[in-house]
There are 2 protein chains.
Amino acid sequence: MNNFEFQCGTKMIFGKGTEQRVGEELKSFGASRVLFVYGGSSIKKSGLYDRVVKSLTDAGLYFEELAGVVPNPRVSLVRRGISICREKGIDFLLAVGGGSVIDTCKAMSFGVYYKEDVWDLISGKVRPGTQRLPVATILTLPAAGSEESDSCVISDETISVKTGFGSPLMRPVFSIMNPELTYTLPPYQTACGCMDMMSHAMERYFSHTENVEMTDRVTEGILATVIHNLPIALEKPDDYAARAEIMLCGTWAQNDMTGCGREQDWFNHGLEHQISGFYDIAHGAGLAISTPAWMEMLCEKEQCVPKLAQYAVRVWNVPENPEDAAETAKEGVKKLRSLLRAAGLPQSLGEVGIGTERFEEIADNMTDGGSHTCGAFYPFGKKDILELLNRME
Amino acid sequence: MNNFEFQCGTKMIFGKGTEQRVGEELKSFGASRVLFVYGGSSIKKSGLYDRVVKSLTDAGLYFEELAGVVPNPRVSLVRRGISICREKGIDFLLAVGGGSVIDTCKAMSFGVYYKEDVWDLISGKVRPGTQRLPVATILTLPAAGSEESDSCVISDETISVKTGFGSPLMRPVFSIMNPELTYTLPPYQTACGCMDMMSHAMERYFSHTENVEMTDRVTEGILATVIHNLPIALEKPDDYAARAEIMLCGTWAQNDMTGCGREQDWFNHGLEHQISGFYDIAHGAGLAISTPAWMEMLCEKEQCVPKLAQYAVRVWNVPENPEDAAETAKEGVKKLRSLLRAAGLPQSLGEVGIGTERFEEIADNMTDGGSHTCGAFYPFGKKDILELLNRME
């Protein structure tokens, strides 16, 4: 186990009806002028919008609204939000939505105090300071884990770049998590969200750091719980228990509790950010295409086999083949593929209309033209990335 | 899953050599006048005392010392600490030790701002307010989990009462956790500590709340990890990996992450507090005597069998007996007993010199003379408690 620091002070307010407390909670954290940020019309259709407005009004809070956050959220809207905050003297940001809405607020929260263009912070040109607006969330899409995480991902649509930044001071101060709010999610989004949280768990799990037994077991627990509950939620979208387990898993997969004391990988996220920078596909769909292919390739790399076999046995209950760990490992990947297929997630780039035309560019971007490798569990050079992309085709 | 709130903002600073950062960390949290609280001579023998003093001095901090905290820490020392804080204008409490030292600081931290006697807060006569001194810790004994928990337990030696209080504002602001500092723990203390953390996990795990899959799995992970690493740490006290896993488990078992969304039990802790109020035995030893006996008794209660069988299968890898869940459950208890015995922990009250003379009084205290029950997983009336005490004899 490596030395580490961990701190996550986000207050989780979890359960039925909890969104009605948002106004009082904001006030108890000192808010007086709130910017209420959301995506499109779905929160209006579901009645959530009205409940939030009522709670803010009942609490006597002044608020402005900013709608229009889209998946792979755009820096243009972040800039607009920053202007509103400055003009209206906003002192608290309220994100109502999924990772895209929350990440938009996180970027704004630091951007308000940065005098130049916020892209400098997002792109890593300038490190964030300590000044920021507090962010609270009402989560409607369990996936990104942004409701407790210390980072955000934003796209500049004009240059096809999707990238992110973080700070220990970026975690939301509180997050309201009502699983009932996820009953109306389309099945595809439910499945994409589960793929995203499984990936967050796996990016940490697949590591060569030794003696990380406790965090391994928590991660295996997260994976097994998502695997068990995703089919239930797809079959019966208003199954409270399944929706609640999935929502809790999404947070714990990404608040970095499971990353304590270990080297992390993040290759699949890096690759997916490249792909969804060029093509506007759902993040979870991109991960569903790359992850099993990545695993299959690593089942052929001796140093990666033991952990992949442990994953197969503990997460998927694959019987251990004592003669051939790689076979055990491959059985785990097969089970993952069949879960994803049954959940309606794509398994190849072709299925989402992506051809080979950008493979070279993607591999170059990830390795600076072949000058370095990417990922820690297995370091991918340019050639490896091209091989993987061809397997994903 | 029940509605819940969870917030734990303690900064965990984990790993080799981390105690050397204590002065700088305190300063970064705004400390200027520190009360350094510890137990006896063990931190002087080990050199930890000198390293702490050097770090505080290097950081330019003023500090006072208060030594003499004993196991089952006493309110008399809490009162002395409060006087020192007031006289010397202390603004930060630093606990260097295990749960007893940390709990002493926690009680002091609220007591400083309470004008009457601190026992009013400890005994629950008066609810704690919001004013308190910040507490930081350097943990030397993984057991109580007080390094992140929101409660403390203090004894009034003059009236043989051991009780506690809590507040969401009681969690330490940071805890330094260096597993190397636990190499010199006597084997008995290592074992008692592991029993205590297993009990914290089990007090939450054994619950009738349905649909708590994720938290069940984390708890099973904590238990399995302690079970695996305790014998290693006893065999080889300077095994860093085993010491690190145990230390991390102790914190996660008690920061209430695994208690999210469920009814909790706490019968064994209640019973042990009674016993160690009368007899000065180690908390972990008391739990090692009561817990297996409690489980054996509950293996005979139909409503408790399914969860006890799940525990046996998932934590102890007991093969499931599909014909007889109670048999499966009993196998789990046998395995626990053999772990505890091998670790040198007592398995009966007789072994620690406790007779039957106070049984009636203990059962009366726990049930207000038989007027209510105790515990949630199985509600123990006075008669049940007497039966259990007889089984523990």
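Only a predicted model underlies this, so the values are computations on that prediction, with no experimental measurement involved.

Quick word on the overall build of chain A
Scanning chain A from terminus to terminus reveals 15 helices and eight strands. Taken against the 2.2 N^0.38 rule, which gives 21 Å for 393 residues, the C-alpha radius of gyration of chain A at 21 Å falls within 12% of a compact globule. Considered along the principal axes of its C-alpha atoms, chain A spans approximately 70 × 45 × 45 Å. Taking all 393 residues of chain A together, the buried fraction comes to 60%. For chain A, contacts bridging at least 24 residues in sequence account for 76% of all contacts bridging at least 6. Approximately 14,600 Å² of chain A is accessible, and the part contributed by carbon and sulfur atoms is 48%. Distance between charge centres in chain A, computed from 38 positive and 52 negative side chains, equals 5 Å.

Some remarks on the interface of chain A and chain B
Contacts between chain A and chain B engage 40 residues on the former and 40 residues on the latter. Together chain A and chain B conceal approximately 3,400 Å² of surface at their shared face, both sides included; 60% is due to carbon and sulfur atoms. Of all residues in chain A, A:Met1, A:Met214 and A:Trp252 bury the most surface against chain B, accounting for 19% of the area lost on that side. Linking chain A to chain B there are four salt bridges. Viewed at the interface, chain B and chain A are joined by 19 residue pairs in polar contact (both at pLDDT 80 or more). Listing elements by their share of the side of chain A that touches chain B, those giving two or more residues are strand E1 (4-14), helix H8 (213-235) and helix H9 (240-254) of chain A. Here E1(A) runs beside strand E1 (residues 4-14) of chain B; their pairing, made up of seven bridges, is antiparallel. Within E1(B), the residue paired with A:Phe6 across the bridge is B:Met12.

What about helix H7 (residues 187-205) of chain B?
The end-to-end C-alpha distance of H7(B) is 27 Å, a good match for the 27 Å that 19 residues give at a rise of 1.5 Å each. In terms of burial, H7(B) is largely enclosed, as 16 of its 19 residues are buried.

Considerations on the environment of A:Met392
Position of A:Met392 among the secondary structure elements: in helix H15 (residues 382-392). Contacts of A:Met392, omitting those with residues within four sequence positions, involve A:Leu271, A:Ile275, A:Ile289, A:Ser290, A:Ala293, A:Ser348 and A:Leu349.

Structural notes on the pairing of strand E7 (residues 161-166) of chain B
Residues and elements named next belong to chain B. Where strand E6 (residues 151-156) and E7 come together, six bridges link them in antiparallel fashion. Opposite Ile 154, over in E7, you have Thr 163 as the bridge partner. What sits between the antiparallel neighbours E6 and E7 is a turn of four residues, in which Ser 160 has the positive phi angle 50 degrees.

Some points on the packing of helix H11 (residues 283-298) of chain B against helix H13 (residues 325-342) of chain B
All names here are of chain B. For the pair H11 and H13, the least separation of the axes is 10 Å and the interaxial angle reads 165 degrees. Between H11 and H13, the crossing angle belongs to the class labelled roughly antiparallel. The way H11 lies across H13 gives a crossing that is left-handed. Across the interface between the two elements, Ala 288, Thr 291, Pro 292, Ala 293, Met 295 and Glu 296 from H11 touch Val 333, Leu 336, Arg 337 and Leu 340 from H13. Split by residue class, the contact of H11 with H13 holds seven nonpolar, one polar and two charged.

Notes on the side chain of A:Thr225
Topologically, A:Thr225 is positioned in helix H8. With a relative accessible area of 0%, A:Thr225 lands in the buried category. Not counting residues up to four positions away in its chain, the partners in contact with A:Thr225 are A:Glu245, A:Cys249, B:Glu213, B:Met214 and B:Arg217.

Quick look at the UniProt feature "domain: Fe-containing alcohol dehydrogenase-like C-terminal" (unreviewed entry) in chain A
Here, UniProt's "domain: Fe-containing alcohol dehydrogenase-like C-terminal" (unreviewed entry) annotation points to residues 190-391 of chain A. The straight-line gap between the two end C-alpha atoms of residues 190-391 of chain A is 26 Å; of that span, 65% is helix and 0% is strand.

Points about the packing of aromatic side chains
The relative placement of two aromatic rings is captured by the distance of their centres and the angle of their planes. Applying the stated criterion to the full structure yields 30 aromatic pairs over all chains. Where B:Phe36 meets B:Phe63, the ring centres are 6.5 Å apart and the plane angle is 55 degrees; that geometry is what we call tilted. Of this pair, B:Phe36 sits in strand E2 (residues 33-37) while B:Phe63 is found in strand E3 (residues 62-66), placing the two residues 27 residues apart along the sequence. Members of the aromatic cluster, joined through ring pairs, are A:Tyr205, A:Phe206, A:Trp294, A:Tyr311 and A:Phe377. Sitting over the ring of A:Tyr62, A:Arg33 keeps its end group 3.9 Å from the ring centre. The side chain of B:Lys307 reaches across the aromatic face of B:Tyr205, ending 4.5 Å from its centre.

Points about the relation of the copies chain A and chain B
The operation relating chain A to chain B is a screw motion whose rotation component is 180 degrees, with 0.0 Å of axial translation and a residual RMSD of 0.0 Å. Seen this way, the second copy is the image of the first under a two-fold rotation axis. It is A:Gly9 whose C-alpha, among those of chain A, lies nearest the rotation axis, at 1.8 Å. The overlap is high: 100% of the interface residues of chain A also sit at the interface in chain B, so the same surface is used on both sides.

Quick word on the packing of H7(B) against helix H8 (residues 213-235) of chain B
Residues and elements named next belong to chain B. Between H7 and H8, the least distance of the axes is 10 Å, while the angle of their chain directions is 170 degrees. The orientation of H7 relative to H8 falls into the category roughly antiparallel. Contacts between H7 and H8 involve Pro 187, Thr 190, Ala 191, Cys 194, Met 197, Met 198, Ala 201, Met 202 and Tyr 205 from the first element and Asp 216, Thr 219, Glu 220, Ile 222, Leu 223, Val 226, Ile 227, Leu 230, Ala 233 and Leu 234 from the second. Looking at the contact of H7 with H8 residue by residue, the classes come out as 15 nonpolar, two polar and two charged.

A few points about the nonpolar core
Counting residues in hydrophobic clusters, the biggest one holds 230 residues, and the most contacted among them are A:Phe14, A:Trp252, A:Tyr311, B:Phe14, B:Trp252 and B:Tyr311. If we skip the residues at most four places from it in the chain, B:Trp252 touches A:Met214, A:Thr215, A:Val218, A:Met257, A:Cys260, B:Met12, B:Ile222, B:Met257 and B:Thr258. Grouped together as the second largest cluster of nonpolar side chains are 23 residues, A:Phe36, A:Tyr38, A:Leu56 and A:Phe92 included.

Side note on the pairing of strand E8 (residues 174-177) of chain B
All names here are of chain B. Burial along E8 is two-sided: Phe 174 and Ile 176 and Ser 175 and Met 177, pointing in opposite directions, are all buried. Strand direction decides the pairing type here: E1 and E8, joined by four bridges, are parallel. Paired with Lys 11 across the bridge in E8 is Phe 174.

Overview of unusual backbone geometry
Residues and elements named next belong to chain B. Positioned with a positive phi, Ser 160 is a non-glycine residue whose angle comes to about 50 degrees. Here Ser 160 lies in the loop between E6 and E7. Residue Ser 160 is classed as partly exposed on the basis of its relative accessible area, which comes to 34%.

As for the sheet that holds E8(B)
Read across the sheet, twelve strands follow the order E3(A)-E2(A)-E4(A)-E5(A)-E8(A)-E1(A)-E1(B)-E8(B)-E5(B)-E4(B)-E2(B)-E3(B) without closing on themselves; strand pairing throughout is mixed. At either end of the open sheet lies a strand with only one pairing partner, and these are strand E3 (62-66) of chain A together with E3 of chain B. When strand polarity is set aside, the average angle formed by the axes of neighbouring strands in this sheet is 25 degrees. As judged from the four bridges shared by strand E2 (residues 33-37) of chain A and strand E4 (residues 92-97) of chain A, these two strands associate in the parallel manner. When the sheet's bridge partners are listed, A:Leu35 is paired in E4(A) with A:Leu93. Where H9(A) meets the sheet, its contacts fall on E1, strand E5 (135-139) and strand E8 (174-177) of chain A together with E1 of chain B, and the angle it forms with E1(A) comes to roughly 150 degrees.

Quick look at the environment of B:Lys88
Residues and elements named next belong to chain B. For Lys 88, the position within the fold is in helix H4 (residues 75-88). Through-space distance from the C-alpha of Lys 88 to that of Ser 151 is 26 Å; in sequence the pair is 63 residues apart. Every residue in contact with Lys 88, bar those within four places of it in the chain, is listed here: Arg 33, Tyr 62 and Glu 64.

Cut-off values and rules
- All residue numbers refer to position in the chain's written sequence, counted from 1.
- Think of it this way: whatever chain is written first is A, whatever ligand is written first is 1, and the rest follow in order.
- Totals for whole chains, interfaces and linings use all residues, but because this is a predicted model, local features are given only for residues with pLDDT of at least 70 and pairs of side-chain atoms are given and counted only at 80 or more.
- Side-chain descriptors were evaluated using all non-hydrogen atoms of the structure, hydrogens and water having been removed beforehand.
- The way it works is that DSSP assigns letters per residue, a run of H or I at least four long becomes a helix, a run of E at least two long becomes a strand, and they are numbered from the N terminus.
- We compute the radius of gyration from the C-alpha atoms alone; for a globule the expected value is 2.2 Å times N to the 0.38, where N is the number of residues.
- Working definition: with a 1.4 Å probe on protein chains only, accessible area under 20% of the residue-type maximum means buried, over 50% means exposed, and in between means partly exposed.
- In what follows, residue pairs with any heavy atoms lying within 4.5 Å of each other are defined as contacts.
- Only the protein chains shown count as cover for residues, and all accessible areas are computed by the Shrake-Rupley method using a 1.4 Å probe.
- His is not counted, nor are the chain ends, whereas Lys and Arg count as positive and Asp and Glu as negative.
- By convention, charge coordinates are those of NZ in Lys, CZ in Arg, CG in Asp, or CD in Glu.
- Buried area counts how much accessible surface, traced with a 1.4 Å probe, disappears from two parts once they are put together, with both parts' losses summed.
- A pair is scored as a salt bridge if a Lys or Arg side-chain nitrogen falls within 4 Å of a carboxyl oxygen belonging to Asp or Glu.
- Polar contact is defined as a pair of N or O atoms within 3.5 Å, subject to the rule that within protein one atom must be able to donate a hydrogen and the other to accept it, and that residues adjacent in sequence are counted only when both atoms are side-chain atoms.
- Strand pairing follows a simple DSSP-based rule, namely that at least 2 bridges must link the two strands.
- One less than the number of residues in a helix, times 1.5 Å, gives the span that helix is expected to have.
- Note on geometry: axes are C-alpha line fits, over the in-contact stretch for helices, and angles between N-to-C directions span 0 to 180 degrees.
- Oblique is the label for every angle not falling under 35 degrees (roughly parallel), over 145 degrees (roughly antiparallel), or within 65 to 115 degrees (roughly perpendicular).
- Here is the rule for handedness: rotate from the far helix to the near one, and if that takes an anticlockwise turn smaller than a right angle the crossing is left-handed, while a clockwise turn gives right-handed.
- Residue polarity follows a fixed list, in which Ala, Val, Leu, Ile, Met, Phe, Trp, Tyr, Cys and Pro are nonpolar, Asp, Glu, Lys and Arg are charged, and the others, Gly among them, are polar.
- UniProt positions are given in the numbering used here, feature names are shortened, and annotations may be inferred rather than shown by experiment.
- Ring pairs shown here join Phe, Tyr and Trp side chains whose ring centres sit within 6.5 Å, with only the six-membered ring taken for Trp; geometry is labelled stacked below 30 degrees between planes, edge-to-face above 60, and tilted in between.
- Whether a charge sits over a ring depends on NZ of Lys or CZ of Arg being within 6 Å of the ring centre and within 35 degrees of the ring normal.
- C-alpha atoms of residues with pLDDT of at least 70 in both copies form the basis for the least-squares superposition of the copies.
- Only buried Ala, Val, Leu, Ile, Met, Phe, Trp, Tyr and Cys residues count toward a nonpolar core, and they belong to the same one when joined by side-chain atoms within 4.5 Å.

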